Amino acid sequence: MEALLSKLTSSRLSAVLLGLAVTAVIQSSSATTVMVVGFVNSGIMKLTQAAGVIMGANIGTTVTAWLVSLAGIEGDTLFLKLLKPSSFSPVLAALGMIFILFSKEKKKKDIGTILVGFAILMYGMETMSGAVEPLSDDPNFTGLMTAFTNPVLG
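Now for a description of the structure that goes with this document.

**Some remarks on the pattern of salt bridges**
Phase 1 of the analysis: For the structure on display, the rule yields one salt bridge.
Phase 2 of the analysis: Measuring nitrogen to oxygen at the nearest pair gives 3.2 Å for the salt bridge that ties Lys106 to Asp110. Taken together, the positions of Lys106 and Asp110, both in helix H7 (residues 106-132) and four residues apart, correspond to about one turn of that helix.

**A word on the packing of helix H6 (residues 85-102) against H7**
Phase 1 of the analysis: At a minimum axis distance of 7 Å, the contact between H6 and H7 shows a crossing angle of 155°. Comparing the axis directions of H6 and H7 gives the class roughly antiparallel. The crossing of H6 and H7 is left-handed. Within the contact between the two elements, H6 uses Pro85, Ser86, Phe88, Ser89, Leu92, Ala93, Leu95, Gly96, Met97, Phe99 and Ile100 and H7 uses Lys108, Lys109, Ile111, Gly112, Thr113, Leu115, Val116, Phe118, Ala119, Met122 and Glu126.
Phase 2 of the analysis: For the contact of H6 with H7, a count of residues per class yields 14 nonpolar, five polar and three charged.

**A short note on the layout of surface pockets**
Phase 1 of the analysis: Of the pockets and cavities examined, the largest pocket occupies roughly 190 Å³.
Phase 2 of the analysis: If you go around the largest pocket, the residues you meet are Met1, Leu4, Leu5, Leu8, Leu18, Val22, Thr32, Met35, Val36, Phe39, Met45 and Val53.
Phase 3 of the analysis: Counting residues per element, the lining of the largest pocket draws most heavily on helix H3 (residues 29-41), which supplies four residues.
Phase 4 of the analysis: Classifying every residue of the lining of the largest pocket gives 11 nonpolar, one polar and no charged.

Rules used throughout
Residues numbered from 1 in each chain as written. Predicted model: local features only at pLDDT ≥ 70, side-chain atom pairs only at ≥ 80, totals over all residues. Heavy atoms only, no water. Salt bridge = Lys/Arg side-chain N within 4 Å of Asp/Glu carboxyl O. Helix = DSSP H or I, 4+ residues; strand = E, 2+ residues; numbered from the N terminus. Axes fitted to C-alpha atoms, helices over the stretch in contact; angles between N-to-C directions. Parallel < 35°, antiparallel > 145°, perpendicular 65-115°, else oblique. Left-handed = near helix turned anticlockwise from the far one by under 90°. Contact = heavy atoms within 4.5 Å. Nonpolar A, V, L, I, M, F, W, Y, C, P; charged D, E, K, R; others polar. 1 Å grid on protein atoms, 1.4 Å probe; cavity = no way out; pocket = protein on both sides within 12 Å on 5 of 7 lines; lining within 4 Å. Points joined across faces, edges and corners; volume = space filled by probe spheres on them.

Fair warning: the whole summary comes from geometry, so function is off the table for now.
Dropping the structure here:
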């Protein structure tokens with residue numbers, strides 16, 4: 001494992017890309033960071049390698065948040081409509097299901113599982129956003145959220 005991690009993090013760019021990829025797969029930069037810190041503590045990785053992976057994990061989280069924020073894009077052009085997760089999530093889910101059902105190679109099945117998982121994540125985020133959207137117009141809720149003047153209480 002040490003040799004594999006050493007090879008995957010041989011340059012700063014590859015370390016960042018590894019962190020981004022792991023975070024994209026497991027959808028948790030915190031879990032990625034905890035694993036990397038554990039690897040450093042056990043001597044499997046060096047701190048310089050870990051810094052790149054952690055930076056990539058943070059970039060991966062930012063990219064996921066950016067993708068979720070695309071749901072709020074307003075506009076009537078075809079390009080803007082295609083950027084919304086509600087437009088491309090079903091395509092990713094269908095592609096993932098095709099990989100899972102019709103591929104014999106384990107790698108393609110794993111890619112299909114990742115695509116389906118990502119599509120489900122985007123659908124869940126969009127569903128939650130739609131469920132809490134009416135709260136933005138509720139004066140009681142907005143009053144409660146803005147009532148705290150002390151940042152610790154907020």
